[in-house]
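Notes for the structure review
Chain residues, written in single-letter form:
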Amino acid sequence: MTALMADYRTTRARSMEWVAALSAEDCCAQSMPDASPAKWHLAHTTWFFETFVLEAHEVGFQPFHPALKVIFNSYYNQVGDKHPRAQRGLLTRPSLGEVKEYRANVDARMVRLMESTQLPDALQDLIALGLHHEQQHQELLITDIKHLFSYSPLYPSYFTPVAGPTIQTPPRPAPTWLPLDAGVAQIGHAGDGFFFDNERPHHSVFVQACALRSHLVSNAEYLAFVQDGGYANPAHWLSEGWEWCRQHARLAPLYWKQVADTWMEFTLQGLQPLRLQDPVIHVSYFEADAFARWAGARLPTEAEWELGVSRYAEGGAQGLVQLFDAAWQWTQSSYAAYPGFRPATGAVGEYNGKFMVNQYVLRGGSSATPAGHSRKTYRNFFPAGACWQFSGIRLARDGVCA
Ligand SMILES: [Fe+2]
């Protein structure tokens, strides 16, 4: 079996493992326009392979069902019509069973294609893109299920210890500040291995002297911000952030809930007492920025973050922790093209480039990120108000701090 075939089988199987504990009703519901039903994630990731790989490369291609090309198209305008995003939860048909049949059908055809001939490099790259795309949707599936379950008074538990995301144990020792010298440095993907187009070209940046905090902001630290009236003091907030708090009646992170005198948090294991030592998660850019101001710090740029990883997490110089396995880390960098960026031609070129407006870059990875999916050059991105993702806070400071 080739490495690509092995990756295909592993990745596709993981999606099914991660929905194994869910009912058909769980898989159909949609909690908000930004979230998608689990069933839709299962079908859309299959649609990607059928549309971009099989339709172009399978001899005698016939669609599994012609209507699926529209129903499970997410945002690819060059492919054609799309089912309205906010109405994905109304798709009681195809059923979950039919979606599983769709997956099995496409998997069998993909395996036949991969076994039939020596695949050109470009086709192998396209299949690899489809697998990394599915890994992205695996994390989205978890974030969307968590958001859906948060509406249930039963506070359901998703967590399945064998197949699901892991709960992190906080690292030790105590947080420190790690200095970065001023100077020209290189960021962006270089060399071998998979990368998304937005990670290139590798290029030069100038970074001012600054320091990154070794650890993410903890729930205990964020609770101190809440209890200090952080949400009631406009001095900490960007104007849009202040309005966002009013609009959403936000007084604490998304899944925090005060029961009597106890702070609780809705988790993948249901409603639990707030674990003070864990990193705060599910904060928006607005909240991360406000906390940083309150703490006398700021959010790092994505270049600072990447250089910090190069210096303090690789090559033996330890110090930067909770990088890829706790929470995605907001940066103050707007999501924009690197110098010389060119998206791929054709519909697949819509994957990243067309979203380079009104979003901020997050770096790292989370407890819901599939193993091996992220890397130090990975550029995740969401609008400033997004908080249902596993997003947290790493602080930076200007100048070299002791
Ligand atoms: Fe997608």
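The preceding data block contains the structure.
In this report, the structure presented in the accompanying data block is examined.

Conventions used here
Residues numbered from 1 in each chain as written. Predicted model: local features only at pLDDT ≥ 70, side-chain atom pairs only at ≥ 80, totals over all residues. Heavy atoms only, no water. Buried < 20%, exposed > 50% of the residue type's maximum accessible area, 1.4 Å probe, protein only. Helix = DSSP H or I, 4+ residues; strand = E, 2+ residues; numbered from the N terminus. Pairing = 2+ DSSP bridges. Expected span 1.5 Å × (residues − 1). Contact = heavy atoms within 4.5 Å. Polar contact = N/O pair within 3.5 Å; in protein donor to acceptor, adjacent residues only side chain to side chain. Core = buried A, V, L, I, M, F, W, Y, C linked by side-chain atoms within 4.5 Å. Donors = N, O, S within 2.8 Å, 3.2 Å for Na, K, Ca; no water. Salt bridge = Lys/Arg side-chain N within 4 Å of Asp/Glu carboxyl O. Disulfide = S-S within 2.5 Å. Axes fitted to C-alpha atoms, helices over the stretch in contact; angles between N-to-C directions. Phe/Tyr/Trp six-rings, centres within 6.5 Å; stacked < 30°, edge-to-face > 60°. Lys NZ or Arg CZ within 6 Å of the ring centre and 35° of its normal.

1. Section: the pairing of strand S4 (residues 210-213)
By the alternation rule, side chains of S4 split into Cys-210 and Leu-212 and Ala-211 and Arg-213, which are all buried. Two elements, S4 and strand S12 (residues 396-398), share three bridges in a ladder whose sense is antiparallel. When the sheet's bridge partners are listed, Leu-212 is paired in S12 with Ala-396.

2. What to know about helix H1 (residues 3-18)
Compared with an ideal rise of 1.5 Å per residue, which puts 16 residues at 22 Å, H1 spans 22 Å between its outermost C-alpha atoms and is within 8% of the ideal. Regarding H1, the residues found buried are Leu-4, Met-5, Tyr-8, Thr-11, Arg-12, Arg-14, Ser-15 and Trp-18. Of the surrounding secondary structure, the elements contacted by the buried residues of H1 are helix H3 (38-57), helix H5 (96-116) and helix H6 (121-149).

3. Focus: the side chain of Arg-109
Relative to the helices and strands, Arg-109 resides in helix H5. For Arg-109, the side chain forms a polar contact with the side chain of Glu-58, separated by 3.0 Å. For Arg-109, the contacting residues outside a window of four places in its chain are Glu-50, Leu-54, Glu-58, Phe-61, Gln-62 and Phe-64.

4. Observations concerning the nonpolar core
Grouped together as the largest cluster of nonpolar side chains are 94 residues, with contacts concentrated most on Phe-72, Met-110, Ile-127, Tyr-222, Trp-256 and Ile-393. Sequence-distant contacts of Tyr-222, that is, excluding residues within four places in its chain, are made with Val-217, Tyr-231, Pro-253, Trp-256, Val-280, Val-283, Glu-287, Phe-291 and Ile-393. By size, the runner-up hydrophobic cluster in this structure holds 17 residues, among which are Ala-185, Val-309, Leu-323 and Ala-396.

5. Let's talk about the coordination of the iron ion
Around the iron ion, the protein contributes the donor atoms His-44 (NE2), His-133 (NE2) and His-137 (NE2), at 2.2 Å from the metal centre. Expressed as a motif, the donor residue spacing for the iron ion is H-x88-H-x3-H. Of the two residues, His-44 is situated in helix H3 and His-133 in helix H6; the sequence distance between them amounts to 89 residues. Residue His-44 is classed as buried on the basis of its relative accessible area of 1%. Its relative accessible area of 2% is what places His-133 among the buried residues.

6. What about the pattern of salt bridges?
As enumerated under the stated definition, the model contains 16 salt bridges in all. Arg-298 is paired through a salt bridge with Glu-304; the nearest N and O atoms lie 2.9 Å apart. One exposure class covers both Arg-298 and Glu-304, and it is buried. The network of salt bridges with shared partners includes Arg-12, Arg-103, Asp-107 and Glu-134.

7. Observations regarding the state of the cysteines
Counted by the stated rule, this structure contains zero disulfides. With no disulfide of its own, Cys-245 has Cys-387 as its nearest cysteine by sulfur position, at a separation of 9.8 Å.

8. Regarding the environment of His-137
Turning to its location among the elements, His-137 is positioned in helix H6. Sequence separation between His-137 and Arg-103 is 34 residues, and the spatial gap between their C-alpha atoms is 15 Å. Contact partners of His-137, with chain neighbours within four places excluded, come to Trp-40, His-41, His-44 and Thr-45. A polar atom in the side chain of His-137 sits 3.3 Å from the side chain of His-44.

9. Notes on the sheet that holds S4
Pairing is antiparallel across the open sheet formed by three strands, whose spatial order is S1-S4-S12. Two strands in the sheet have a free side with no partner beyond their single neighbour: strand S1 (177-180) and S12. For this sheet, the mean angle separating the axes of adjacent strands, direction not counted, is 25 degrees. On the sheet, helix H10 (residues 302-312) packs against S1, S4 and S12 and is oriented at approximately 100 degrees with respect to S1.

10. Section: the sheet that holds strand S7 (residues 270-273)
Strand order in the open sheet formed by three strands is S5-S6-S7, with antiparallel pairing between adjacent strands. In this open sheet, the two edge strands, each paired with only one partner strand, are strand S5 (256-259) and S7. Each strand axis lies, on average, 35 degrees off the axis of its neighbour in the sheet, ignoring direction.

11. Digging into the packing of aromatic side chains
Across all of its chains, the model carries 34 aromatic pairs by this definition. Here Arg-200 stacks its cationic end above the ring of Phe-195, 3.9 Å away from the centre of that ring. In this structure, Arg-246 packs its charged tip against the face of Trp-242, placed 3.8 Å from the ring centre.

12. Things to note about the pairing of strand S8 (residues 328-334)
Of all the seven residues making up S8, five are buried; the element is thus mostly covered by neighbouring parts of the structure. With two bridges connecting them, S8 and strand S11 (residues 391-392) associate as parallel partners. By the bridge assignment, Trp-328 is partnered in S11 with Ser-391. Judged from the three bridges that link them, S8 and strand S9 (residues 360-363) form a sheet pairing that is antiparallel. If you follow Trp-330 over to S9, its bridge partner there is Leu-362.

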